Amino acid sequence: MSDNPVLLAEERSEFGKGAARRARRAGKVPTVLYGHGQDPRHLDVPGHDLFLIVRGTKNALVELKIDGKTQLALVKDVQVHPVRRDILHADFQAVKAGEKVDVEVALVVTGESAPGTVHSVEEFTILVKAPATSIPESLEVSIEGLEAGAAVRVSDLTLPAGVEVELDPETVIVAVQEAAAEESEEADEAPAEGDAE
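Read on for an overview of the structure. Counting restarts for each chain, with residues numbered from 1 along the sequence as it is written. A pLDDT threshold of at least 70 governs which residues receive local features in this predicted model, and a stricter bar of 80 or more applies before side-chain atom pairs are shown or counted, although totals over entire chains, interfaces and linings include all residues. To obtain the side-chain values, all non-hydrogen atoms of the structure were used and water was disregarded.

**Here's the deal with the pattern of salt bridges**
Piece 1. Salt bridges are identified by distance alone: a Lys or Arg side-chain nitrogen within 4 Å of an Asp or Glu carboxyl oxygen. One pass over the full model with this rule turns up 6 salt bridges.
Piece 2. Lys28 is paired through a salt bridge with Glu10; the nearest N and O atoms lie 2.9 Å apart. Taken together, the residues Lys28 in strand β2 (residues 28–35) and Glu10 in strand β1 (residues 6–11) connect sequence positions 18 residues apart.
Piece 3. Partly exposed describes any residue whose relative accessible area lies between the buried limit of under 20% and the exposed limit of over 50%, with all areas from a 1.4 Å probe on protein chains only and scaled to the type maximum. Assessed through its relative accessible area of 22%, Lys28 is described here as partly exposed.
Piece 4. Here Glu170 ties to Arg153 by a salt bridge, and the two come within 3.3 Å at their closest N and O atoms. Here Glu170, found in the loop between β12 (164–165) and β13 (172–178), pairs with Arg153, found in strand β11 (residues 151–153); they are 17 residues apart in sequence, far enough to count as distant.
Piece 5. Assessed through its relative accessible area of 49%, Glu170 is described here as partly exposed.
Piece 6. Arg153 sits in the partly exposed class, given a relative accessible area of 30%. Comment: elements are numbered from the N terminus, with helices defined as DSSP H or I runs of at least four residues and strands as E runs of at least two.

As structure tokens, then:
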């Protein structure tokens, strides 16, 4: 039994804005499934179920049940209403177990650099090639104790088994520099709220 969430998908026979609106009124999200050299398939999936799957996670892997058959798929793109925040449309990429896919993975900075230094993040996400069934949620970048002038590069990343980065190994992810003295002085001299001008 797989641990991937299952979405019951229906083939869509109607297209256009009117059909999409009708699907949304019925609680469905219009989606497209593409990949493996097949023609794109237009599907409707339950909106609430999809929302629960993609909420707080990127690169979600799902099992689409279409006409009794199961297709493993990666959620590639989700369009969300700017005000209501409900999902308007989603794209799925068909994948197979063991296949490697290109995905953006978040970089998470951990630790504290040396006292008197600050760090700047140069890359917030990184493109990796990972097995479709074991895509990392994020990659940790430790800056613990790093001195001014230090830099963490792509080559310093600890990657899970089977995950590759195609970026130049010398690409800087996080740079550490001395904290600017003026910044801390300005903070000390800033008038307290409510002081007369």
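**Quick notes on the side chain of Asp44**
Piece 1. Checked against the element boundaries, Asp44 lands in strand β3 (residues 38–46).
Piece 2. Note on definitions: a residue-residue contact is assigned when non-hydrogen atoms from the two residues lie within 4.5 Å. Leaving out residues up to four positions away in the same chain, Asp44 has contacts with Leu8, Ala9, Glu10, Arg12, Ala23, Lys28, Val29, Pro30 and Thr31.

**Some remarks on the nonpolar core**
Piece 1. Membership of the largest hydrophobic core comes to 23 residues, with the highest contact counts inside it found for Ile126 and Val128.
Piece 2. Top contributing element to this core by residue count: strand β7 (residues 100–110), with 4 residues.
Piece 3. Domain extents, as shown, originate in an automatic or database domain assignment. Counting residues domain by domain, this core receives three or more from each of domain 1 (6–95) and domain 2 (102–178).
Piece 4. Setting aside anything within four residues of it in sequence, one finds Ile126 in contact with Val103, Glu104, Val105, Leu107, Leu139, Val154, Leu157, Val165 and Leu167.
Piece 5. In these notes, a set of buried Ala, Val, Leu, Ile, Met, Phe, Trp, Tyr and Cys residues joined through side-chain atoms within 4.5 Å is what counts as a nonpolar core. Leu33, Leu43, Ala60 and Ala90 belong to the second largest nonpolar core, which has 19 residues in total.

**Concerning helix α2 (residues 47–54)**
Piece 1. Inspection of α2 places Gly47, Leu50, Ile53 and Val54 among the buried residues, and these make up the whole buried set. End-on, the buried residues of α2 take up no more than an arc of 125°, which puts them together on one face.
Piece 2. Turning to α2, the residues buried within the fold contact β1, β2, β3, β4 (61–66), β5 (69–80) and β6 (87–94).
Piece 3. Two residues or fewer past α2, Gly56 is found with a positive phi of approximately 75°. Of all possible arcs, the one meant is that of the directions from the helix axis to the C-beta atoms.

**Points about the pairing of β2**
Piece 1. When you tally the buried positions in β2, you get 6 out of 8 residues, the bulk of the element.
Piece 2. Across 7 bridges, the pairing between β2 and β3 is antiparallel. The partner of Thr31 across the bridge, within β3, is Leu43.
Piece 3. Following DSSP output, two strands are said to pair if at least two bridges run between them. Sheet topology places β2 next to β6; 4 bridges connect them, and they run parallel. The residue bridging Leu33 from the neighbouring strand is Phe92, located in β6.

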